[in-house]
Amino acid sequence: MCGIVGYIGKKQAAPVILDGLERLEYRGYDSAGMAVYDGSRLQIAKSTGRLNVLYNHTRGGEALPGFVGIGHTRWATHGMPNDVNAHPHVNKSGTIAVVQNGIIENYLALKKKLTDKGYEFVSDTDTEVLAHLLDYYYNGDPRKTIIKMIGHVEGSYALGIVFADHPDVLYGVRKECPLIIGVGKDEYFMASDVTAILKYTRKVVYLNNLEIAELREGGMEFCTVDEDKIEKETVTVDWDVSAAEKGGYEHYMLKEMMEQPKVVRDTLSPRIKKGEIVIEELAMTDAELANVKKIFIAACGSAYHTGVTAKYIFENLARVPVEVDLASEFRYRDPLLEKNDLVIVISQSGETADTIAALRMAKEAGCRILAIVNVVGSTIAREADFVMYTWAGPEIAVATTKAYSAQMAALYLLAMKLAKVRHYLHGRKQQAMLNDLMKLPEQIELLLNNREEIQRIASRFIAAKYVFFMGRGIDYAICLEGSLKLKEISYIHSEAYAAGELKHGTISLIEEGTLVAAVSTQPSLYPKILSNIKEVKARGAVVLSITTMGNIEIEKESDYVITLPESNPLFFDSLAIIPLQMLAYYIAVGRGCDVDKPRNLAKSVTVE
Ligand code: F6R
């Protein structure tokens, strides 16, 4: 996500902040900015594009004098990448500046309240509401004002704040998004990521949720939202820069897998309000939505796999027919598109050439286009009629993990919304589904914490020549993604099979020791997959089952078993994919592959 750097001390703040921001460039960003107190007021500098634009604009920071300031690299979530939307954001009088990393879920409600009170907004961001909210509550005491403000804010965030009438203090606060304090000699740093400050200090204080940091040249203080003072431990970080960029993990892919609970939560929770699913981005009335006769889904690679799962869910839950296509096939197969059909395109980058072509073709046919996209302002986001952002933050590893999980979460919301307006989902059933949906982030975390077990299993299959994945229904869709993850990063050939198809050819390839990953999460299909497991076992396969708890028969037949926590059967993609991602990751690491940059692959496929 976005990067935050703050400084207070004896050095000129702007060059230190720029230097820190430069070290956060690897995270991806589209604009950058700084606010520095120059002795009489806060000076703001912002620019779109690479950091060197801001660097040149401020002459390497020299043009902004002053010893306290905050800086930010933005990766757009709310509002296009441009100078106005870049951080910091300020109140009307320019006396309070804020930088934010995260998502303010109730920003529209807050914006309305503030607008009613006469506040004017210049940007499209969720962050600007914080600057005006601080202004609204400001009573001369920044700490109390910050506490009051966070009492009204919902979401996950890390904030750096400077007040022009208290320029000797730099404030920081966080909830769910990381924020650390760097401790120097008579100087303090603030950063979203330790990489930004390693050049200056290795002594770090980790802020916990809803703790407020007050940094002065002469010392630092911490308190809770009840204004109780807290003593915080200073620890010494011994990571090198490369490890620090990956949050201490060995690879970006592992770091991004570990971020999945957060990105799923960030995709779901702003769109669930008072027990109802609210997709403000989908500007269609309930009646229009209910009248959709057919849905087409077009996407590539992993994004296509989320579409395959979605077809099962949409048809089961909302009883609406869905066709799902690889975008590269869709664009040339002359599909029977009707005016007003809903076409959903799914893409992390928003720049995939085939998906863009599919979108344009469907638009030409008069369809309504809904894009599920991660990159704000990307081509797909600009050209679609409606955009549901996944807010997974920049994904650096070529093989997608967290964007996939966020796409899946967005599709659950859509399926449930559609089922609701078509009168297939209400009352207790809806409540139970929402409960299961909201449990997914912590269940994903539980599975991620079990990674040593997967690592142990993976270590046995490092030399595998080929691997099969089998499942039925949604489990087949999960297998498609599990198989792609494995082959793209480990270079082991793998195939996903609809388990019923085995006998029609593939079973001849099973020999002594062949690894078969069997996914069985759908209760109605357990007996079927059990027979398939027996069939491959009889031919010498070693079976790793990914299944639900208490599935004794399947456990008995399998050589290795990973059990998943309980959920609604329609949501199991999000859980079953976690061990499969980790299996692929640990096998690839064991084989010495460059997991973050697999050979021949690009992160964004912008050519046909
Ligand atoms: C696989 C992977 C690719 C992408 C595909 C679509 O791990 O990352 O298969 O899913 O290239 O890319 P986007 O989502 O950017 O359209």
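None of the values given here were measured: they were computed from a predicted structure.

Visitor: Help me understand the sheet that holds strand 14 (residues 229-230), please; the structure alone is not making it clear to me.
Guide: Sheet strands pair via backbone hydrogen bonds, and the direction of the pair is either parallel or antiparallel. Read from one edge of the open sheet, seven strands run 5-6-7-8-12-13-14, paired in antiparallel fashion. Lying at the two open borders of the sheet, with one neighbouring strand each, are strand 5 (89-90) and strand 14. Bridging between strand 7 (residues 155-163) and strand 8 (residues 170-175) involves four bridges; their strand directions are antiparallel. By the bridge assignment, Gly160 is partnered in strand 8 with Gly172. The sheet strands contacting helix 4 (residues 128-137) are strand 5, strand 6 (96-104) and strand 7, and the helix crosses strand 6 at an angle near 130 degrees.

Visitor: What should I look at first to understand the pattern of salt bridges in this one?
Guide: Close approach of charged atoms allows side chains of opposite charge to pair. Per the counting criterion, the structure on display carries 35 salt bridges. The partner of Lys255 in a salt bridge is Glu259, and the shortest N-O contact between them spans 3.1 Å. Under the relative-accessibility criterion, Lys255 is labelled buried at 18%. Classification of Glu259 by relative accessible area gives partly exposed; the value is 22%. Ionic pairing is found between Glu280 and Lys273, a salt bridge with its closest N-O pair at 3.4 Å. Look at the salt bridges and you will find they share partners, linking Asp141, Arg143, Lys144, Glu214, Arg216, Glu221, Glu227 and Lys229 into a network.

Visitor: Would you mind going over the sheet that holds strand 1 (residues 3-8) with me for this structure?
Guide: Spatial ordering of the open sheet is given by 3-2-4-1-10-9-11-15, a layout of eight strands whose pairing is antiparallel. Strand pairing shows two members of the sheet lacking a second neighbour, strand 3 (42-48) and strand 15 (235-236), which therefore form its edges. Relative to strand 4 (residues 68-74), strand 1 runs antiparallel, the two being bridged by six bridges. If you follow Tyr7 over to strand 4, its bridge partner there is Gly69. With respect to the sheet, helix 1 (residues 13-23) is in contact with strand 1, strand 2 (31-37), strand 4 and strand 10 (188-191), its orientation differing from that of strand 4 by roughly 25 degrees.

Visitor: Can you walk me through the pairing of strand 19 (residues 322-326) in this structure?
Guide: Two faces, one strand: in a regular strand the side chains alternate between the faces of the sheet. Both strand 18 (residues 295-299) and strand 19 contribute to a ladder of five bridges, which runs parallel. What sits directly across from Ile295, in strand 19, is Val322. Following the backbone out of strand 18, through helix 10 (residues 301-318) and into the adjacent parallel strand 19, one traces a crossover that is right-handed.

Visitor: How do you make sense of the site of the ligand when you look at a structure like this?
Guide: The local shell around the ligand holds 14 residues, among which Ser347, Gln348, Ser349, Thr352 and Glu488 are the closest. Between the ligand and the protein, one listed contact pairs an oxygen atom with a backbone N or O atom of Ser302 at 3.1 Å. Protein contacts shield 90% of the accessible area of the ligand, which totals 410 Å² for the unbound molecule. Of all the elements in the fold, those that place two or more residues in the shell around the ligand are helix 10 and helix 17 (474-490). A breakdown of the residues in the shell around the ligand according to their chemical character gives five nonpolar, seven polar and two charged.

Visitor: Just checking my understanding: could you explain the nonpolar core for this structure?
Guide: Within soluble globular proteins, side chains that are nonpolar tend to cluster in buried spots. Core analysis: the biggest nonpolar cluster contains 131 residues, and Ile295, Phe314, Ile344, Leu414, Met416 and Leu437 have the highest contact counts within it. Examining the composition of this core, we find that 14 residues originate from one element, helix 14 (residues 402-421), more than from any other. Dropping the residues within four chain positions of it, Met416 is found in contact with Ile277, Leu317, Leu425, Gln430, Met433, Leu434, Leu437 and Phe571. Counting 28 residues, the second-largest nonpolar core is a separate cluster that includes Ile104, Val129, Ala131 and Val173.

Visitor: Would you mind going over the layout of surface pockets with me for this structure?
Guide: Over the atoms rolls a probe the size of a water molecule, and its path tells where empty space is left. Within this model, the largest pocket holds a volume of roughly 1100 Å³. Secondary structure elements with two or more residues in the lining of the largest pocket: helix 7 (252-258), helix 8 (260-268) and helix 15 (427-448). Its residues assigned to classes, the lining of the largest pocket shows 20 nonpolar, five polar and twelve charged. Both domains that furnish three or more residues to the lining of the largest pocket are identified here as domain 1 (3-237) and domain 2 (247-447).

Visitor: In this structure, what is going on with the side chain of Asn91? I would like to understand it.
Guide: The residue Asn91 is located in the loop between strand 5 and strand 6 in this model. We classify Asn91 as buried; its relative accessible area is 2%. Side-chain polar atoms of Asn91 contact the backbone nitrogen of Ile96, separated by 2.8 Å. Each residue touching Asn91, except ones within four places of it in the same chain, is listed here: Ile96, Ala131, His132 and Asp135.

Visitor: What's the story with unusual backbone geometry in this structure? I'm lost.
Guide: Most peptide bonds are trans, and most residues other than glycine sit at a negative phi. With an omega of 5 degrees, the peptide bond between His87 and Pro88 qualifies as cis. Summarising the element assignment, Pro88 is placed in the loop between strand 4 and strand 5. Phi at Leu210 takes a positive value of approximately 60 degrees, unusual for a residue other than glycine. In this structure, Leu210 sits in the loop between strand 11 (203-206) and strand 12 (212-216). Judged by relative accessible area, Leu210 falls into the partly exposed class, the value being 31%.

Visitor: What exactly am I supposed to notice about the domain arrangement of the protein chain here?
Guide: By a frequent convention, interface size equals the accessible area lost on bringing the separate parts together. Segmenting the protein chain into domains produces domain 1 (3-237), domain 2 (247-447) and domain 3 (450-593). With centres defined by C-alpha atoms, the gap from domain 2 to domain 3 works out at 25 Å. At the junction of the two partners, domain 2 supplies 33 residues and domain 3 supplies 31 residues. Summing both partners gives a buried area of about 2900 Å² for domain 2 against domain 3, and 67% of it is carried by carbon and sulfur. Sorting the residues of domain 2 by area buried against domain 3 places His305, Tyr312 and Leu447 first, and these three jointly supply 23% of that buried surface.

Visitor: It is not clear to me how the packing of aromatic side chains should be interpreted in this structure. Could you clarify?
Guide: Centre distance and the angle of the planes are the two values used to describe a pair of aromatic rings. With the rule as written, the count across this model stands at twelve aromatic pairs. Between the aromatic rings of Phe189 and Tyr200, the centroid separation amounts to 5.1 Å while the plane-to-plane angle is 25 degrees, which identifies the pairing as stacked. With Phe189 in strand 10 and Tyr200 in the loop between strand 10 and strand 11, the pair connects residues that are eleven residues apart, well separated along the chain. Given the relative accessible area of 24%, Tyr200 is considered partly exposed.

Visitor: Which parts of the structure should I look at to understand empty space enclosed by the protein?
Guide: If you walk through the whole model with that rule in mind, you get two cavities of 30 Å³ or more. Approximately 50 Å³ is the volume attributed to the largest cavity. Lining the largest cavity are Cys2, Arg74, Trp75, Thr77, His78, His87, Gln100, Gly102, Thr125, Asp126 and Thr127. Residues of the lining of the largest cavity, tallied by class, amount to two nonpolar, seven polar and two charged. As a volume, the second largest cavity reaches approximately 40 Å³. Arg472, Asp475, Val519, Ser520, Gln522, Leu525, Tyr526 and Ile529 are the residues that line the second largest cavity. When residues of the lining of the second largest cavity are traced back to their parent elements, those giving at least two are strand 25 (515-520) and helix 18 (526-538). Considering only residue class, the lining of the second largest cavity consists of four nonpolar, two polar and two charged.

Cut-off values and rules
Residues numbered from 1 in each chain as written. Predicted model: local features only at pLDDT ≥ 70, side-chain atom pairs only at ≥ 80, totals over all residues. Heavy atoms only, no water. Pairing = 2+ DSSP bridges. Helix = DSSP H or I, 4+ residues; strand = E, 2+ residues; numbered from the N terminus. Contact = heavy atoms within 4.5 Å. Axes fitted to C-alpha atoms, helices over the stretch in contact; angles between N-to-C directions. Salt bridge = Lys/Arg side-chain N within 4 Å of Asp/Glu carboxyl O. Buried < 20%, exposed > 50% of the residue type's maximum accessible area, 1.4 Å probe, protein only. Right-handed = clockwise from strand over helix to strand, strands pointing away. Near = heavy atom within 4 Å. Polar contact = N/O pair within 3.5 Å; in protein donor to acceptor, adjacent residues only side chain to side chain. Areas by Shrake-Rupley, 256 points an atom, 1.4 Å probe, with all protein chains shown as cover. Nonpolar A, V, L, I, M, F, W, Y, C, P; charged D, E, K, R; others polar. Core = buried A, V, L, I, M, F, W, Y, C linked by side-chain atoms within 4.5 Å. 1 Å grid on protein atoms, 1.4 Å probe; cavity = no way out; pocket = protein on both sides within 12 Å on 5 of 7 lines; lining within 4 Å. Points joined across faces, edges and corners; volume = space filled by probe spheres on them. Domains from an automatic or database assignment. Buried area = accessible area lost by both parts, 1.4 Å probe. Phe/Tyr/Trp six-rings, centres within 6.5 Å; stacked < 30°, edge-to-face > 60°.

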